[in-house]
Amino acid sequence: MTSTEITYHKYEYPRNNTTLNKRIISLANRNNFYTEQIKSLFECGFPIEVIIAKKGKDKVVGFIVFWGNMTERFADRMCMDLKYWLVGKEFRGNNIGRTLYNMMEVQAAEYEIVNYSVMYKKNDEFLEKLY
């Protein structure tokens, strides 16, 4: 796979983008990855942002969902909360996840974020090494 086949797109407040939400939820479902939690997050109306990796015109192959310093209500926290980060199994090992994370870091720098938070399953060795 060449890097030109993958494009990256940033969405703020994806609540009203039902097509995008369905594609993200479909990828999460195919990978047994927090499908119901992601659905709830999209429906709740929090000021979240999503960066997706797409192959071709429509296929979402990865995403990162985060909640940052986007409203004055949370401006004093200067903290970005990484909610969900997934690359489909068949696309792992192609630096897609790294690119999504780097794009999130660029956004954090624009918001002058100095702290990140992330939650993950207890005793998950892969995620402990990753984070």
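One structure accompanies this document, and this report is about it. Predicted model, so just to flag it, every value in this text is computed and none were measured.

Parameters and conventions
- Every chain's residues receive numbers from 1 upward, in the order its sequence appears when written.
- With pLDDT at 70 or above as the cut-off, local features in this predicted model cover only qualifying residues; side-chain atom pairs require 80 or more to be listed or tallied, and sums for whole chains, interfaces and linings still use all residues.
- Side-chain measures were taken over the full set of non-hydrogen atoms in the model, leaving aside hydrogen atoms and water.
- Helix and strand assignments come from DSSP, with helices taken as H or I runs of at least 4 residues and strands as E runs of at least 2, each series counted from the N terminus.
- In this scheme, a residue with accessible area under 20% of its type's maximum is buried, one over 50% is exposed, and one in between is partly exposed, where area comes from a 1.4 Å probe on protein chains only.
- For this analysis, residues touch if any pair of their heavy atoms sits within 4.5 Å.
- DSSP calls a pair of strands paired once it identifies at least 2 bridges connecting them.
- We call a set of buried residues a nonpolar core when its members are Ala, Val, Leu, Ile, Met, Phe, Trp, Tyr or Cys and they connect through side-chain atoms within 4.5 Å of each other.

Moving on to the overall build of the chain. If you tally the helices and strands in the chain, you get four helices and five strands. Scanning the chain from its N terminus toward the C terminus, one meets helices and strands in the order β-α-α-β-β-β-α-β-α. Here the chain, with 131 residues, has 40% of them falling under the buried criterion. Across the chain, the fraction of contacts at a sequence separation of at least 24, relative to all contacts at a separation of at least 6, is 60%.

Moving on, we come to the environment of Leu 82. Mapped onto the secondary structure, Leu 82 falls in strand E4 (residues 79-87). The exposure class of Leu 82 is buried, given its relative accessible area of 6%. Setting aside residues up to four positions removed in sequence, Leu 82 forms contacts with Ile 64, Val 65, Phe 66, Tyr 101, Met 104, Ser 117, Val 118 and Tyr 131.

Within E4, seven of the nine residues are buried, which leaves the element mostly enclosed by the surrounding structure. Where strand E3 (residues 59-67) and E4 come together, six bridges link them in antiparallel fashion. Paired with Gly 62 across the two strands is Val 87, which belongs to E4. Pairing geometry for E4 and strand E5 (residues 115-118), over four bridges, is parallel. Looking across to E5, one finds that Met 80 is bridged to Tyr 116.

Below, the discussion takes up the nonpolar core. Grouped together as the largest cluster of nonpolar side chains are 18 residues, with contacts concentrated most on Ile 24, Ile 38 and Phe 63. Sorting the residues of this core by element identifies helix H1 (18-30), helix H2 (35-44), strand E2 (48-55), E3 and E4 as the ones contributing at least two each. When residues of this core are assigned to their parent elements, the largest contribution, five residues, is made by H1. In contact with Ile 24, other than residues within four places in its own chain, are Ile 38, Phe 42, Val 50, Ile 52, Val 60 and Phe 63.

Purely geometric stuff here, so don't read any function into it on its own.
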